[in-house]
Amino acid sequence: AQSVAQPEDQVNVAEGNPLTVKCTYSVSGNPYLFWYVQYPNRGLQFLLKYITGDNLVKGSYGFEAEFNKSQTSFHLKKPSALVSDSALYFCAVRDIGATTDSWGKLQFGAGTQVVVTP
Amino acid sequence: EAQVTQNPRYLITVTGKKLTVTCSQNMNHEYMSWYRQDPGLGLRQIYYSMNVEVTDKGDVPEGYKVSRKEKRNFPLILESPSPNQTSLYFCASSPLAGELETQYFGPGTRLLVL
């Protein structure tokens, strides 16, 4: 079974500073990893995904994430945060294992609230 | 416009009164899914459907039913709602499951069960 952890409930950062949101995962097969963002009173929006290939994945709005297989991590990063980046961020994993039993399941983390102050 | 729609957006009901939340997508997606979002718990998958007439349980299926009789619709049914089903519900769809695709989320349905 797959699982995902976001160890920080909230991340505070000043505008212009680097932003990192942490995510670790556990799967029995190969992971498909995703980051989503949720603005107040809105649905989730896709930011980026890792399927295979380059460990550094670039996504929307200047975000990127680094896949680290040995540490089972997929941290989200942005070099220079904006006040408009303040939102709730979710990491998610899909376990593409030896069987197709879990292919349809997507496991989300609890979410990390990002607060960017001017 | 490609989108996932949910109805109603807001619903207040009482314990035991059957209700249905509809979900529809206009993108001819094969895969559809229902999630509930609760503070501190993130999104938890209720049910998903890989294609028409194919549905499977997610992590929290108890108290819910779904059906997928046609590709575009994936209604969520609460036969006898209880207060612990008060939550924010999201429907999502993607072209295919198990492949290199992302999910498109609906706007959410906020449900209060008294």
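Structural data are supplied above this passage.
Quantities reported herein were computed from a predicted structural model and do not represent experimental measurements.

Participant: Please give an account of the interface of chain A and chain B that cites residues and values.
Facilitator: Taken together, the contact between chain A and chain B spans 23 residues of the former and 25 residues of the latter. Together, the buried faces of chain A and chain B total about 1,800 Å²; carbon and sulfur atoms form 52% of this surface. Counting the contacts that link chain A with chain B gives zero salt bridges. Where chain A touches chain B, the interface holds two residue pairs in polar contact (both at pLDDT 80 or more). Residue assignment for the side of chain A that touches chain B shows that the elements contributing at least two residues are strand E5 (30–38), strand E6 (44–50), strand E10 (87–96) and strand E11 (107–108) of chain A. Looking at side-chain class alone, the side of chain A that touches chain B contains 13 nonpolar, five polar and five charged residues.

Participant: I'd like a description of the side chain of Ser93(B), backed by residues and values.
Facilitator: Residue and element names in this part refer to chain B. Turning to its location among the elements, Ser93 is positioned in strand E9 (residues 87–94). Residue classification places Ser93 among the buried residues on the basis of a relative accessible area of 0%. Here the side chain of Ser93 touches His29 through a polar contact of 2.7 Å, side chain to side chain.

Participant: Can you tell me about unusual backbone geometry, naming the residues and giving the values?
Facilitator: Cis geometry marks the peptide bond from Asn7(B) to Pro8(B), where omega comes out at -5°. With respect to the element layout, Pro8(B) can be found in the loop between strand E1 (4–7) and strand E2 (10–13). Even without being a glycine, Tyr61(A) presents a positive backbone phi close to 60°. The exposure class of Tyr61(A) is partly exposed, given its relative accessible area of 48%.

Conventions we followed
- Residues numbered from 1 in each chain as written.
- Chains lettered and ligands numbered in written order.
- Predicted model: local features only at pLDDT ≥ 70, side-chain atom pairs only at ≥ 80, totals over all residues.
- Heavy atoms only, no water.
- Contact = heavy atoms within 4.5 Å.
- Buried area = accessible area lost by both parts, 1.4 Å probe.
- Salt bridge = Lys/Arg side-chain N within 4 Å of Asp/Glu carboxyl O.
- Polar contact = N/O pair within 3.5 Å; in protein donor to acceptor, adjacent residues only side chain to side chain.
- Helix = DSSP H or I, 4+ residues; strand = E, 2+ residues; numbered from the N terminus.
- Nonpolar A, V, L, I, M, F, W, Y, C, P; charged D, E, K, R; others polar.
- Buried < 20%, exposed > 50% of the residue type's maximum accessible area, 1.4 Å probe, protein only.

So far we have only geometry, and geometry alone does not tell us how the molecule works.
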